[in-house]
Amino acid sequence: MRDLYYGRIDARDIDRLFTAIRSGSDDPAFDLDQDSQVERSDMDLLVREILRTEYGDVNLDGHIGLDNFRVVRSNFGEEVAGWGEGDLDGDSVAGLTDFLLLKSNFGFFRDD
Ligand SMILES: [Ca+2]
Ligand SMILES: [Ca+2]
Ligand SMILES: [Ca+2]
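All of these numbers come straight from a predicted model, not from anything done at the bench.

Reading the values: the criteria
Residues numbered from 1 in each chain as written. Chains lettered and ligands numbered in written order. Predicted model: local features only at pLDDT ≥ 70, side-chain atom pairs only at ≥ 80, totals over all residues. Buried ≥ 20, exposed ≤ 12 C-beta atoms within 10 Å, placed from the backbone. Helix = DSSP H or I, 4+ residues; strand = E, 2+ residues; numbered from the N terminus. Arc of directions from axis to C-beta. Contact = placed C-beta atoms within 7 Å. Domains from an automatic or database assignment. Nonpolar A, V, L, I, M, F, W, Y, C, P; charged D, E, K, R; others polar. Axes fitted to C-alpha atoms, helices over the stretch in contact; angles between N-to-C directions. Parallel < 35°, antiparallel > 145°, perpendicular 65-115°, else oblique. Core = buried A, V, L, I, M, F, W, Y, C linked by C-beta atoms within 7 Å.

### With respect to helix α2 (residues 40–50)
Here comes step 1: All of the buried residues in α2 are Asp42, Met43, Leu46 and Val47. The buried side chains of α2 occupy one side of the element, clustering within an arc of 130° when seen end-on. The outward face of α2, more than 90 degrees from its buried face, is lined by the exposed residues Arg48 and Glu49.
Here comes step 2: Buried residues belonging to α2 abut α1 (11–22).
Here comes step 3: Of the residues trailing α2, Arg52 is marked for its positive phi of about 55°.

Shown next, in the form of structure tokens:
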């Protein structure tokens, strides 16, 4: 997760971390909470504490609204490249789980 150290963290970092989790990586660079495992808790930390948003914020602007919903809807059921195309749980598909994740956080606003 080299980009972290350059301050350019974006959806590609999320996708990289999902790939690491899926592949069972033990690369310490992805173990953000330093518990020696690369897993969902590291993703929670990246999304919530580093990117300061929630699952569903497809464009990472700190708000989960209709524009984000439309991305998931337009790709629904399809294999997609990653978070920015509506895959919020890292299974490479924009599907029901992603829709429900977004729905549960719909209306989220980052308080700056
Ligand atoms: Ca960890
Ligand atoms: Ca957004
Ligand atoms: Ca998905």
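### As for the environment of Gly90
Here comes step 1: Examined against the element boundaries, Gly90 turns out to sit in the loop between β1 (78–79) and β2 (93–94).
Here comes step 2: Remark: the alpha-carbon pair of Gly90 and Asp111, spanning 21 residues in sequence, is separated by 26 Å.

### Thoughts on the domain arrangement of the protein chain
Here comes step 1: Per the domain assignment, the segments making up the protein chain are domain 1 (2–50) and domain 2 (55–112).
Here comes step 2: Counting from both sides, the interface comprises 8 residues of domain 1 and, opposite them, 6 residues of domain 2.
Here comes step 3: With 6 residues, α1 is the largest single contributor of residues to the side of domain 1 that touches domain 2.
Here comes step 4: Broken down by class, the residue content of the side of domain 1 that touches domain 2 amounts to 5 nonpolar, no polar and 3 charged.

### Comments concerning the packing of α1 against α2
Here comes step 1: Between α1 and α2, the least distance of the axes is 10 Å, while the angle of their chain directions is 170°. Put simply, α1 runs roughly antiparallel to α2. Facing Asp13, Ile14, Leu17, Phe18 and Ile21 of α1, the residues of α2 in contact are Arg40, Asp42, Met43 and Leu46.
Here comes step 2: Per-class residue counts for the contact of α1 with α2 are 6 nonpolar, no polar and 3 charged.

### A few points about the nonpolar core
Here comes step 1: By size, the foremost hydrophobic cluster in this structure holds 19 residues, and its most contacted members are Ile14, Leu17, Met43 and Leu46.
Here comes step 2: With 4 residues, the single largest contributor to this core is α1.

### Digging into unusual backbone geometry
Here comes step 1: Although it is not a glycine, Ser36 sits at a positive phi angle of roughly 70°.
Here comes step 2: Of note in the backbone geometry, Ser92 takes a positive phi value of approximately 75° without being a glycine.
Here comes step 3: Along the polypeptide, Ser92 turns up in the loop between β1 and β2.

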